[in-house]
Amino acid sequence: MALSGMRGLSVFISDIRNCQNKELERLRVDKELGNIRTRFKNEKASTPYEKKKYVWKILYIYMLGYDVDFGHMEAVSLISAPKYPEKQVGYIVTSCLLNENHDFLRLAINTVRNDIIGRNETFQCLALTLVGNIGGREFAESLAPDVQKLLISSSCRPLVRKKAALCLLRLYRKNPDVVNVDGWSDRMAQLLDERDFGILTSSMSLLVALLSNNHEAYWSCLPKCVKVLERLARNQDVPQEYTYYGIPSPWLQVKTMRALQYFPTIEDPNTRRSLFEVLQRILMGTDVVKNVNKNNASHAVLFEALALVMHLDAEKEMMSQCVALLGKFIAVREPNIRYLGLENMTRMLMVTDVQDIIKRHQAQIITSLKDPDISIRRRALDLLYGMCDVSNAKDIVEEILQYLSSADFAMREELSLKAAILAEKFAPDLSWYVDVILQLIDKAGDFVSDDIWFRVVQFVTNNEDLQTYAAVKVREYVDKPAIHETMVKLSAYILGEYSHLLARRPGCSPKEIFNIIHEKLPTVSTSTIPILLSTYAKILMHTQPPDPELQNQIWAVFGKYESCIDAEIQQRAVEYHALSRKGAALMDIFAEMPKFPERQSALIRKAEDSEADTAEQSAIKLRAAQQQTSNALVVTDQHPANGTPPVGQLSLVKVPSVSNVDQNTTEQGVTQANGALTIVDPQPPSTPSADLLGDLLGPLAIEGHPSAAVQPEPNLASGLEGGSNAAADALAIAPVEEQSNIVQPIGDIAERFHALCLKDSGVLYEDPYIQIGIKAEWRAQHGRLVLFLGNKNIAPLVSVQALILPPSHLKMELSLVPGTIPPRAQVQCPLEVINLRPSRDVAVLDFSYKFGTHVVNPKLRLPAVLNKFLQPIQVSPEEFFPQWRSLSGPPLKLQEVVRGVRPMPLVEMANLFNGFRLTVCPGLDPNPNNMVASTTFYSENTRAMLCLVRIETDPADRTQLRMTVASGDPALTSELKEFIKEQLVSIPVPSRAPAPVPPPAQPVSPPTATSDPGAILAGLLAERLIFIPPCFTDGMRAGDPKINFLKK
Amino acid sequence: MGIRFILMVNKQGQTRLAQYYEYLTLEERRALEGEIVRKCLARTEQQCSFVEHRNYKIVYRRYASLFFLVGVDNEENELAILEFIHLLVETMDRHFGNVCELDIMFHLEKAHFMLEEMVMNGCIVETSKANILSPIQLMDKAS
């Protein structure tokens, strides 16, 4: 076997290969790393050849999964090697080991640029590839023009230009501004005229990226794409090297058709005709052949053509051809084709009119649900889920249930969730829905989330005619010897509420019900016991006339748990025990649960979240988006409190779908899980919490759910208080008041703003309907804020608008804010900020939305304030004093005596300064009453600029002080001075005690340019510090007339 | 962005080549490779060549002892990627002659050079074997 040119590397690789186990491998790797480290330390000893060898070893070790924390520098340094072999290794290994944010990469930027603009085309290729693979923003800004030049240059060879195309694609992704749309669209179109397939292939990828952002600008490319496709389909002028098993570059064909899918329609009839001819030829002319590679390649093209036809929603004649083809594919034996057939059929569900045709294949699809291959089963499940509607729900759900018992673990959760959702969405009648869920729990209890059984409780509670049925059903299940804990929970709950409806049936007397449930108690976990206790209390209440024996039995249980270590159980036991001795009062307190208000299914929400998680085929989402509404099942009566509601027969009500939101909201599951948006209730009663779990398991669960606050029922809490209704009244009144007013913000907006000036994440605004959170990152003059718009309700917020009113010194760009925020969803809107110059002006977010009839329009200050563009910096005396001295006098150095300062000890002031990213430099000013601070300010105008601040306080009067601010920019000095002043005189205090606000901008300090005390001070400082440091302040104080003025 | 990573793993689960087109930390890579290898290596010849994993779709193909695994996003045509793997193998074969796992293992750098000519930034850049191999041939001649 031929060894590579590097013997040491080969030896090492074969050593590794011979290692018997992972431990030996680790030892060998450690030894090698030690060796390389020593070699690298001894820089002179290693020749370029050796360096090259070691760098490859490092890459090899890294590939094996070992952390290599050195050698990056050596890899990068090889890039500047003069010879090709070393340079090549440098480039390739660097792009494997480093990422775009690595500091070392910056070191190479000049070499890379020189290679790109140089004459050596092999070097050009290497450099373009590196930038194309790992180039970051910095590269984008400095290299884009050169790369563009190469790409369109006619004197450049194709091997350079094809790399330039993909390099530009990378730079464009890093910073879209590097491609000037107006100028580039024509050039892009010209590129598509190229004969060379390398250039065409890579340019097509570039085009796809450009189109995905803005197809409008590239209309001129459309006919060119069709031309390319025609050329390939007719096999005209296709070099042999680009023909793969007789098929003209299948990859270019596929990419071209992908690009065409970014155009919404094709208007020009000629172009359209040409394209459809090609597509027709592909659809008709693709046969199954023996050669696997040829077959795959031709089917790759065919599937792409199918996708394009579906997208263009062509003449129906071609569409039916597509469905026919897909129908054929999902029945073939070849697993790849079957997989893709199922996948594309799911995509096809987006096209209206074809659903009935797809339904004809239902039996075949169900067969695939039982395929031995999980990939295929997944696709089949997705397709079944997508094609399910009222007409076939029963069949499909039953198939899924049947399959559930034999399904492998990895799929059970998904299966049960999907079955539950379909059952809920398309239930022909409610008893069927209950049956399905009970079967689900029975067969796959571990995979049935709480949300699912909560939903059953909700339906049963809201539908009186369902209650007896459900009670009978669960009674049957509890007879089974071993039932899942979720089943225990659900049946205990339902029997507690409704078992009295069965009282006359055999085996359903209160005592029997109690016994059968109580049997389960030793087997359940602590989270279930509270539910059982509630059930016992309810049973007790329903046993009329009281049965002393049962009573004693239950009281004994309560008694036992009164000393339970679990607080929830203990509290219930104590309360139920006390309450159940109250006799007749019991009837009211333990009355049946009132109906639940209409709410969106937590399940459907969860399904959407999980879709976002797994980035599953988005067809379902897309379809839902097209339809705008989903047929989610909801119970119509919305006002459970108003007397006896009509018997809630289940009706299909169109509710706004949550699915019609873009990527932003699909991420909500993740962020919510992270707790970025904390949804806080209190909420007004019109918008009860959708958090079923809280409702059902809350400590006071038995007396009612949240909306019970407006119910005329006595409150459990009051019962415990010995009949006093005060507590209950207070509870009931508070939310009602809230409701009667117009929407009031929760919390103080100004305080929230001030808090956010000091920190980078928090709540900017909140009212009963929405919460606006903010999260910011600041880097030099750039800021990236994300606004989190969280709808707290179960109804969508509409007419959402967000306008940024930026002050002139800030460049702000807010990404698109969707007009509607779906129920319980959170939308993230990034906001880019660039600070152009120093200013204290504040940006305002003009936000508005509509909820019901309310239009709410808060105007909110955004915490993109001056101090966010500061970077703390610690300066040494050696740096400070020369700087302080050189900034002599106005306008670069300004001084002012500030009065009306909120008195605070110096330490507190220092904390405040540090909070604003002004670094207090202790020890610079020996006078303990003074303070010196430094910071760097960033803006486009000033770039990084050092700012120095000195505060002199008077221990006798803390309400005034003298402040000197210096920087290299007059505007900055003045703005920073005013900014600090504002902070000192009006510090937001939680109690909102009116701070003594002095009349602003009072000319307290008359311009004293002639004898700037700061300059005098600086002179003194510099001298004295060197010679007699202790006199630092004394001298200054004595010599400064201003101090006297201040003391007056 | 298309191709997210290309892995070559032998049937014992040892990585022979790993090329990523998006940045993952070493821990993320280790975890990802472990999961994918476990999933794909357990599959039989009769099953399809696509495996869904996290946000990726893995398109894979087995050649003797070596698995070629390509992670793609939703923007790729699965069969085209499957044949791209074959093109890669054919290209290696043209260079090494009867390419085997050891060739890739001991000529890691050449495998990387070839890949670098074929894929860039997650996109296919060249599909002509002659063009892919010409820089390597130039270098071989030079040395």
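Remember, it's a predicted structure, so these values are computed and weren't measured experimentally.

1. Comments concerning the overall build of chain B
- Tallying secondary structure elements over chain B gives five helices and seven strands in all.
- Across the 143 residues in chain B, those meeting the buried criterion constitute 68%.
- Considering only intrachain contacts with a sequence separation of at least 6, the fraction spanning at least 24 residues in chain B is 50%.
- Per element, the accessible surface of chain B, about 4900 Å² overall, is 48% carbon and sulfur.

2. Some remarks on the overall build of chain A
- When helices and strands are tallied, chain A shows 45 helices and 21 strands.
- The 1048 residues of chain A split such that 56% are buried.
- Considering only intrachain contacts with a sequence separation of at least 6, the fraction spanning at least 24 residues in chain A is 69%.
- Only carbon and sulfur atoms are counted for the fraction: they give 54% of the accessible area of chain A, which is about 43600 Å².

3. Focus: the sheet that holds strand β5 (residues 66-72) of chain B
Residues and elements named next belong to chain B.
- If you walk across this open sheet you meet the five strands as β2-β1-β5-β4-β3, and the pairing is antiparallel. Since the sheet does not close on itself, it has two edges, and those belong to β2 (15-20) and β3 (50-53), each with one partner. Direction aside, neighbouring strands of the sheet carry axes that sit 20 degrees apart on average.
- With seven bridges joining them, strand β4 (residues 56-63) and β5 adopt antiparallel strand pairing. Bridged to isoleucine 58 within β5 is glycine 71.

4. Some words on the interface of chain A and chain B
- On the side of chain B, 61 residues touch chain A, which itself brings 73 residues to the contact.
- Across the interface of chain A and chain B, roughly 6000 Å² is buried in total on both sides, 54% from carbon and sulfur atoms.
- Taken as a group, A:Met63, A:Glu241 and A:Trp251 account for 12% of the area that chain A buries against chain B, more than any other trio of residues on that side.
- Counting across the chain A and chain B interface gives seven salt bridges.
- Between B:Glu117 and A:Lys163 there is a salt bridge, and its shortest N-O distance comes to 3.1 Å.

5. Describing the packing of helix α6 (residues 103-117) of chain A against helix α8 (residues 137-152) of chain A
All names here are of chain A.
- Taken N-terminus to C-terminus, the directions of α6 and α8 make an angle of 10 degrees; their axes are 11 Å apart at the nearest point. In terms of axis orientation, α6 runs roughly parallel to α8. Contacts between α6 and α8 pair Leu105, Arg106, Ile109, Val112, Arg113, Ile116 and Ile117 from the former with Glu138, Phe139, Ser142, Leu143, Asp146 and Leu150 from the latter.

6. A closer look at the packing of helix α26 (residues 485-498) of chain A against helix α28 (residues 529-542) of chain A
All names here are of chain A.
- Two numbers describe how α26 lies on α28: the axes approach to 8 Å, and their chain directions differ by 20 degrees. Judged by the inter-axis angle, α26 sits roughly parallel to α28. As α26 packs across α28, the resulting crossing turns out to be left-handed. Of the residues in α28, those touching α26 at Val488, Lys489, Ala492, Tyr493, Gly496 and Glu497 are Ile531, Leu532, Thr535, Lys538 and His542.
- Here the residues of the contact of α26 with α28 are counted per class, giving five nonpolar, three polar and three charged.

7. Topic: the sheet that holds strand β7 (residues 761-766) of chain A
All names here are of chain A.
- Spatially, the five strands line up as an open sheet ordered β7-β8-β9-β12-β11, and their pairing is antiparallel. Each end of this open sheet is capped by a strand with a single partner; those strands are β7 and β11 (810-814). Here the strands of the sheet are splayed against their neighbours by 25 degrees on average, with no regard to which way each runs.
- Two strands pair when backbone bridges link them, and β11 and strand β12 (residues 826-835) are joined in this way by five bridges, in the antiparallel orientation. Bridge pairing in β12 places methionine 812 opposite valine 833.
- The sheet strands contacting helix α39 (residues 749-758) are β7 and β8 (770-779), and the helix crosses β7 at an angle near 160 degrees.

8. Concerning the packing of aromatic side chains
- By the definition in use, this model includes 25 aromatic pairs over all chains.
- Members of the aromatic cluster, joined through ring pairs, are A:Tyr244, A:Tyr245, A:Trp251 and B:Phe84.
- Over the aromatic face of A:Tyr385 sits the side chain of A:Lys418, whose NZ or CZ is 5.1 Å from the ring centroid.
- Stacked on the ring of A:Trp884, the Lys or Arg A:Lys893 has its end atom at 4.2 Å from the ring centre.

9. A few points about helix α24 (residues 450-462) of chain A
Residue and element names in this part refer to chain A.
- The first and last C-alpha atoms of α24 sit 18 Å apart over 13 residues, in line with the 18 Å expected at 1.5 Å per residue.
- The element α24 is extensively covered by neighbouring structure, given that eleven of its 13 residues are classed as buried.
- Of the positions making up α24, those classed as buried are Ile452, Trp453, Phe454, Arg455, Val456, Val457, Gln458, Phe459, Val460, Thr461 and Asn462.

10. Topic: the environment of A:Gln261
Residues and elements named next belong to chain A.
- In this structure, glutamine 261 sits in the loop between α13 (250-260) and α14 (269-285).
- Separated by 49 residues in the primary sequence, glutamine 261 and methionine 310 have C-alpha atoms spaced 9.5 Å apart.
- Every residue in contact with glutamine 261, bar those within four places of it in the chain, is listed here: Glu304, Ala307, Leu308 and His311.
- Separated by 2.9 Å, the side chains of glutamine 261 and glutamate 304 make a polar contact.

11. Re the pattern of salt bridges
Residue and element names in this part refer to chain A.
- This structure, assessed with the given rule, holds 70 salt bridges over all chains.
- Salt-bridge contacts for aspartate 371 lead to arginine 338; the nearest nitrogen and oxygen are separated by 2.7 Å. Taken together, the residues aspartate 371 in the loop between α19 (362-368) and α20 (374-387) and arginine 338 in helix α17 (residues 335-348) connect sequence positions 33 residues apart.
- Glutamate 896 is paired through a salt bridge with lysine 977; the nearest N and O atoms lie 2.8 Å apart. Of this pair, glutamate 896 sits in strand β17 (residues 893-898) while lysine 977 is found in helix α42 (residues 970-985), placing the two residues 81 residues apart along the sequence. By the burial criterion, glutamate 896 is buried, and lysine 977 matches it.

12. Concerning α17(A)
- A rise of 1.5 Å per residue sets the reference length of α17(A), with its 14 residues, at 20 Å; its end C-alpha atoms lie 20 Å apart and thus fit the reference within 8%.
- Across the 14 residues that make up α17(A), a large majority, 13, are buried.

13. So, the pairing of β17(A)
Residues and elements named next belong to chain A.
- Of all six residues in β17, six are buried, a share of seventy percent or more.
- On β17, burial covers both faces: Lys893, Gln895 and Val897 on one face and Leu894, Glu896 and Val898 on the other are all buried.
- Note: β17 against strand β21 (residues 957-967), six bridges, orientation antiparallel. Bridge pairing in β21 links valine 898 to leucine 961.

14. Focus on the environment of A:Val474
- By secondary structure assignment, the location of A:Val474 is in helix α25 (residues 464-478).
- The class for A:Val474 is buried, based on a relative accessible area of 1%.

15. Thoughts on unusual backbone geometry
- In this chain, A:Pro890 is followed by A:Pro891 through a cis amide linkage whose omega measures 0 degrees.
- If you trace the backbone, A:Pro891 turns up in the loop between α40 (877-886) and β17.
- A positive phi is found at A:Arg943, a non-glycine position, where the angle reads about 55 degrees.
- The residue A:Arg943 is located in strand β20 (residues 943-954) in this model.
- A positive phi is found at B:Asn121, a non-glycine position, where the angle reads about 55 degrees.
- Structurally, B:Asn121 is set in the loop between β6 (119-120) and β7 (123-124).

16. Considerations on the environment of A:Lys859
Residues and elements named next belong to chain A.
- Relative to the assigned elements, lysine 859 resides in strand β15 (residues 859-861).
- Each C-alpha atom, one on lysine 859 and one on leucine 805, is 9.8 Å from the other, the two residues being 54 residues apart in sequence.
- Here lysine 859 is in contact with Val844, Leu845 and Asp846, once residues within four sequence places are set aside.
- In this structure the side chain of lysine 859 is engaged in a polar contact, spanning 3.3 Å, whose partner is the side chain of asparagine 857.

17. A closer look at the side chain of A:Thr486
Residue and element names in this part refer to chain A.
- For threonine 486, the location among the structural elements is in helix α26.
- Judged by its relative accessible area of 6%, threonine 486 is buried.
- Leave out the neighbours within four places in its chain, and threonine 486 touches Ile441, Gly445, Val448 and Trp453.

18. Side note on the confidence of the model for chain B
- Averaged over every residue, the pLDDT of chain B is 93; residues scoring 70 or more account for 99%.
- For this predicted complex, the interface confidence comes out at an ipTM of 0.97, alongside a pTM of 0.63.

19. Description of the confidence of the model for chain A
Residues and elements named next belong to chain A.
- Chain-level statistics for chain A give a pLDDT mean of 79 and a share of 79% at 70 or above.
- Every residue in residues 612-741 scores below 50 in pLDDT, and together they form 226 contacts with partners more than four places removed in sequence or on other chains.
- Per-residue pLDDT stays below 50 along residues 988-1048; that stretch engages in 82 contacts with residues further than four places along the chain or on separate chains.

Parameters and conventions
Residues numbered from 1 in each chain as written. Chains lettered and ligands numbered in written order. Predicted model: local features only at pLDDT ≥ 70, side-chain atom pairs only at ≥ 80, totals over all residues. Heavy atoms only, no water. Helix = DSSP H or I, 4+ residues; strand = E, 2+ residues; numbered from the N terminus. Buried < 20%, exposed > 50% of the residue type's maximum accessible area, 1.4 Å probe, protein only. Contact = heavy atoms within 4.5 Å. Areas by Shrake-Rupley, 256 points an atom, 1.4 Å probe, with all protein chains shown as cover. Pairing = 2+ DSSP bridges. Axes fitted to C-alpha atoms, helices over the stretch in contact; angles between N-to-C directions. Buried area = accessible area lost by both parts, 1.4 Å probe. Salt bridge = Lys/Arg side-chain N within 4 Å of Asp/Glu carboxyl O. Parallel < 35°, antiparallel > 145°, perpendicular 65-115°, else oblique. Left-handed = near helix turned anticlockwise from the far one by under 90°. Nonpolar A, V, L, I, M, F, W, Y, C, P; charged D, E, K, R; others polar. Phe/Tyr/Trp six-rings, centres within 6.5 Å; stacked < 30°, edge-to-face > 60°. Lys NZ or Arg CZ within 6 Å of the ring centre and 35° of its normal. Expected span 1.5 Å × (residues − 1). Polar contact = N/O pair within 3.5 Å; in protein donor to acceptor, adjacent residues only side chain to side chain. pLDDT = per-residue confidence, 0-100.

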